[in-house]
Amino acid sequence: MPVERLEGFHTGKTPEETEEEVKRGLLLTTLDKAASWARKQSMWPATFGLACCAIEMMSTGAGDYDLSRWGMELFRGSPRQADLMIVAGRVSQKMAPVLRTIYDQMPEPKWVISMGVCASAGGMFTNYAIVQGVDQIVPVDVYVPGCPPKPEMLMFGILTLQKKVREKGRFR
Amino acid sequence: MSREAPPGLGSPDPMSTEEPRQETMIINMGPQHPSTHGVLRLLLELDGETLVSCEPIIGYLHTGIEKNCEYRSWMQAIAFVTRADYLAPFHNELAYCLAVERLLGIEAPPRAQVLRVLFSELNRISSHLVWLATGGLELGAVSVMLYGFREREMVLDIFEMATGLRMNHAYIRIGGVVMDLPPGATEKIADLLGVLPGRIKEYEDLLAKNPIWIERNAGVGVLAAADAIALGVTGPMLRASGIAKDVRRDEPYCGYETYEFDVITREAADCYARFEIRLEEMRQSLRIVEQCLDRLEEPGPVMVEDPKVRWPAQLEVGPDGIGNSPAYVKHIMEESMEALIHHFKMVTEGVKVPEGEVYQVVESPRGELGMYVVSDGEHRPYRVKIRDPSFVNLQAVPTMANGGLIADAIAVIASVDPVMGGVDR
Amino acid sequence: MIPAELADRLRGEHPDVVLARGELTVLVGRDELLDLLAELRDADDLSFDLLSSVTATDWPGREPRYWVSYELYSVTHVHRVRVKVGLPEDDPRLPSATSLFPTADWHERETYDFYGIVFDGHPDLRRILLPDGWEGHPLRKTEELGGVNTRFKGAFIPPVDRRTS
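What you are looking at is a predicted structure, and each value in this text was computed from that prediction instead of being measured.

A count of helices and strands for chain A gives six helices and four strands. Overall, chain A shows an N-to-C arrangement of helices and strands of α-α-β-α-β-α-β-α-β-α. Across the 172 residues in chain A, those meeting the buried criterion constitute 43%.

Below you can see the structure in the form of structure tokens.
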């Protein structure tokens with residue numbers, strides 16, 4: 001694929017070397033990295049607040065601990081427009097099929113943060129009514145423990161997810 | 001999850017006797033929705049934009065709290081009960097602890113009662129702020145969301161300073177409260193008292209005369225007084241219909257009869273009246289907090305003295321929340337064997353409560369919160385039933401919303417202020 | 001009226017009255033339940049118009065096994081009373097109070113959901129909090145707590161009735 005070398009743009013490589021690199025897929029890897037960087041910068045969460053952790057998630061999105069620093073203040077109501085699902089709160093048996101439906105409706109690429117111990121492992125409610133860990137239903141990328149986790153803990157979880165997205169590229 | 005209309009959809013409204021219309025459309029406003037205040041599902045029958053009938057379907061947050069309490073000791077059940085209505089955790093704990101104290105026949109010391117009242121009223125303020133924030137957001141006033149949470153952060157800072165946690169503290173315990181206020185807390189609360197009245201005035205200026213807000217709330221969701229009582233509705237919704245029922249005034253607990261505050265009522269019985277009542281209740285709560293601060297000048301114990309009941313440890317707020325103070329750990333590990341044994345027994349087994357049953361009510365921000373506690377003489381509860389106000393208030397939604405527009409249904413639910421954790425438990 | 005006066009007022013027709021811890025409880029059989037509730041609601045000096053809560057307690061091994069309790073409150077006179085009905089294990093049926101108190105609708109559905117107590121005359125008795133196809137009535141003492149404890153490596157999980165954490 002012919003590559004145009006721009007005037008004044010010094011990469012230290014001759015056009016033939018650049019073409020060689022393109023053929024080996026390195027330029028596409030740079031595109032991949034750019035895409036990952038753009039994706040992590042502008043993730044839109046789907047509203048999936050269930051219980052107490054939802055209030056802390058709202059606090060994280062509000063003025064004091066601002067989520068829009070990372071492009072995330074826009075919580076999309078429709079899962080079709082979202083690429084991150086923060087499962088915030090205890091998932092009951094009745095809610096589990098709904099959770100899976102919402103997850104399936106999200107387009108690829110998508111990520112899941114399980115916020116709070118109830119979503120991560122069932123929490124203090126080891127009983128008939130609560131799904132013991134949301135990773136029994138959807139694949140989880142980052143677990144954030146806490147009951148409920150402070151907004152700073154959720155922010156650390158989000159930053160960890162961003163690091164993961166940036167390093168691992170497009171597909172999980 | 002069933003996708004057909006469940007039986008009985010024709011007349012879910014308990015007060016109506018009409019037959020269902022046949023040319024209507026059935027729409028699901030599902031559990032995942034930005035405007036339904038949590039995981040509430042509404043099955044709407046629509047004729048154009050008008051709501052013919054609406055059926056709330058709950059249970060999407062059922063946690064089995066009541067069953068789980070039967071397998072834990074009396075003190076551990078506090079941690080479960082506090083997560084039922086997660087926006088008013090102090091009220092859940094207070095109702096439960098008062099019920100158990102009645103079964104035990106003890107009373108918390110006066111300073112503990114003042115602290116209980118102080119934190120209950122601060123909790124009322126923070127809960128009403130969340131109602132204002134989310135209610136405004138659902139009706140389209142997005143900046144109210146940011147303002148409400150900004151004020152709430154100030155109240156949560158005080159909670160964190162005193163209890164170590166922002167939400168779901170297990171601060172109120174059987175026999176008193178778990179620990180006294182740290183130094184500097186009263187100054188912080190006094191600062192809050194200086195700032196909040198101005199902010200509440202800001203909300204009033206922003207919303208009260210706003211034509212859009214009035215258009216969406218005035219005349220919407222009218223609930224007559226007789227209907228309200230027949231449906232078991234309590235709290236700001238009942239007071240908006242003109243009935244001055246407030247548990248703090250009628251069946252006082254924790255010394256509420258000695259505090260000066262007004263019970264706010266309105267006659268209009270619509271969403272706007274409930275908005276006015278909740279704003280005014282925030283001001284009354286600030287009045288009570290001020291009186292509490294005056295009473296906190298005298299020192300005193302915050303936990304009952306009886307060693308068979310009191311929590312054995314001295315606690316303090318450390319870097320990761322409340323924990324045993326280092327001095328106490330030194331005492332039980334190095335100095336006294338009996339103290340260690342006593343601590344072990346109290347923590348693992350706990351107090352044994354005599355047989356009996358008690359129904360204790362408390363005025364939570366949403367209405368009458370009742371705790372029906374049954375004991376059979378063991379060190380575990382036999383039955384804990386939480387009578388949650390939102391569970392009963394949601395039954396009134398069809399009566400209020402039928403015949404209106406869908407957008408009015410959103411306004412009605414915002415004015416009911418349900419917290420699904422309490423509804424589903 | 002304070003509980004002692006209420007006890008004297010009610011003891012004439014309903015002798016089974018218990019006064020304990022400042023609360024009044026009236027025990028009736030299921031046949032007299034609706035009459036008693038109607039009288040409590042309609043009599044002028046009683047006027048218990050707000051039904052606060054309907055719930056049940058399970059005492060397996062005792063007779064009667066289920067005790068259903070109704071908490072009533074009067075807005076005009078500001079007093080409370082509790083009405084309790086005992087139900088045998090093999091026939092947990094009870095007339096529904098929805099004709100007198102519409103608020104009993106969801107309370108009775110919840111009691112049916114948790115304990116399997118059937119309320120005759122209820123307009124729409126089905127599960128409310130648990131999923132629609134759930135089998136069993138979880139709050140009965142004979143049903144298990146359920147749930148699987150997250151298994152950490154090398155940890156000992158005690159049986160359900162001895163868990164302290």
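On to the overall build of chain B, then. From N to C terminus, chain B includes 17 helices and ten strands. Taken over the C-alpha trace, chain B has a radius of gyration of 23 Å; the compact-globule value for 425 residues is 22 Å, and the two agree within 12%. Each principal axis of the C-alpha distribution contributes one length, and for chain B these read about 80 × 45 × 35 Å. Scored against the burial criterion, the 425 residues of chain B give a buried share of 55%. For chain B, contacts bridging at least 24 residues in sequence account for 70% of all contacts bridging at least 6.

All names here are of chain B. As far as domains go, chain B holds domain 1 (65–304 + 352–424) and domain 2 (315–348). Facing the six residues of domain 1 at the interface are five residues of domain 2. A per-class count over the side of domain 1 that touches domain 2 returns four nonpolar, two polar and no charged.

Residue and element names in this part refer to chain B. Taking 1.5 Å of rise per residue, the 16 residues of helix H3 (residues 89–104) would be expected to cover 22 Å, and the 23 Å separating its terminal C-alpha atoms lies within 8% of that figure. Taking burial as the measure, the 16 residues of H3 include 15 buried ones, the bulk of the element. At the C-terminal side of H3, Gly105 shows a positive phi close to 80°.

Glancing now at the interface of chain C and chain B. The accessible area lost on association of the parts is a frequent measure of interface size. Contact residues are listed per partner, giving 32 residues for chain C and 36 residues for chain B. Looking at the side of chain C that touches chain B, the elements that each hand over two or more residues are strand E3 (50–58) and helix H3 (104–115) of chain C. No other element matches E3(C), which puts six residues into the side of chain C that touches chain B. Taken together, the residues of the side of chain C that touches chain B break down into 16 nonpolar, six polar and ten charged.

A word on the confidence of the model for chain A. Confidence in the prediction for chain A averages 80 pLDDT; 82% of positions are at 70 or higher. Within chain A, no element has a lower average pLDDT than helix H1 (residues 15–23) of chain A, which sits at 66, and none a higher one than strand E4 (residues 142–144) of chain A, at 92.

Take the sheet that holds strand E1 (residues 45–46) of chain A next. Residues and elements named next belong to chain A. Read across the sheet, four strands follow the order E1-E2-E3-E4 without closing on themselves; strand pairing throughout is parallel. In the strand order of this sheet, the two ends are held by E1 and E4, each with one partner. Pairing of E1 with strand E2 (residues 84–88), which is carried by two bridges, proceeds in the parallel orientation. The partner of Ala46 across the bridge, within E2, is Met85.

A few words now on the nonpolar core. Core analysis: the biggest nonpolar cluster contains 210 residues, and Met85(A), Val87(A), Ala88(A), Met115(A), Val81(B), Val100(B) and Val412(B) have the highest contact counts within it. Sequence-distant contacts of Ala88(A), defined by excluding residues within four places in its chain, comprise Phe48(A), Gly49(A), Leu50(A), Cys53(A), Ala54(A), Met57(A), Met115(A), Gly116(A) and Ala119(A).

It is worth spelling out the sheet that holds strand E3 (residues 50–57) of chain B at this point. Residue and element names in this part refer to chain B. Reading across from one edge, E1-E2-E3 is the order of the three strands in this open sheet, with antiparallel pairing throughout. Two strands close off the open sheet at either side, each with one partner strand: strand E1 (25–29) and E3. Taking the axes of each pair of neighbouring strands and ignoring which way they run, one obtains an average angle of 20° across the sheet. When strand E2 (residues 41–47) meets E3, the two strands line up antiparallel, connected through seven bridges. Residue pairing for E3: Asp47 is matched across the bridge by Thr50.

Our focus in this paragraph is the pairing of strand E9 (residues 367–375) of chain B. Residues and elements named next belong to chain B. Most of E9 sits out of view: nine of its nine residues are buried. Bridge count between strand E8 (residues 356–364) and E9: nine bridges; the pairing is antiparallel. Paired with Gly356 across the bridge in E9 is Ser375. Adjacent in sequence and paired antiparallel, E8 and E9 are bridged by two residues. Pairing of E9 with strand E10 (residues 383–387), which is carried by five bridges, proceeds in the antiparallel orientation. Following the sheet pairing, Tyr372 is matched in E10 by Lys385.

Residues and elements named next belong to chain B. By the secondary structure assignment, Trp74 is in the loop between helix H1 (65–69) and helix H2 (76–81). Overall, Trp74 belongs to the buried group, with 27 C-beta atoms counted inside 10 Å. The spatial distance from the C-alpha of Trp74 to the C-alpha of Lys352 is 8.2 Å, given a sequence separation of 278 residues.

What counts and how
The written sequence of each chain sets the order in which its residues are numbered from 1. Chains carry letters and ligands carry numbers; both start at the beginning, A for chains and 1 for ligands, and go up in the order they are written. Selection of residues for local features in this predicted model requires a pLDDT of at least 70, selection of side-chain atom pairs for listing and counting requires 80 or more, and totals for whole chains, interfaces and linings are taken over all residues. What counts as a helix is a DSSP run of H or I of at least four residues, what counts as a strand is a run of E of at least two, and both are numbered from the N terminus. Whether a residue is buried, exposed or partly exposed follows from its count of other C-beta atoms within 10 Å of its own C-beta, namely 20 or more, 12 or fewer, or something in between, respectively; the C-beta atoms are built from the backbone. Put simply, the radius of gyration uses C-alpha atoms, and a globule should come to 2.2 Å times the residue count raised to 0.38. By the convention adopted here, residues are in contact when the distance between their C-beta atoms, placed from the backbone, does not exceed 7 Å. How far each domain reaches was decided by an automatic or database domain assignment. We call Asp, Glu, Lys and Arg charged. Ala, Val, Leu, Ile, Met, Phe, Trp, Tyr, Cys and Pro are nonpolar, and the rest, Gly among them, are polar. Multiplying one less than the number of residues by 1.5 Å gives the expected span of a helix. Known as pLDDT, the predictor's confidence for each residue is given on a scale from 0 to 100. Pairs of strands are assigned from DSSP output, requiring at least two bridges between the strands. Among buried residues, those of type Ala, Val, Leu, Ile, Met, Phe, Trp, Tyr and Cys that are joined through C-beta atoms within 7 Å form a set called a nonpolar core. The axes used here are C-alpha line fits, helices contributing only the stretch in contact, and every angle between their N-to-C directions lies in the interval 0 to 180 degrees.

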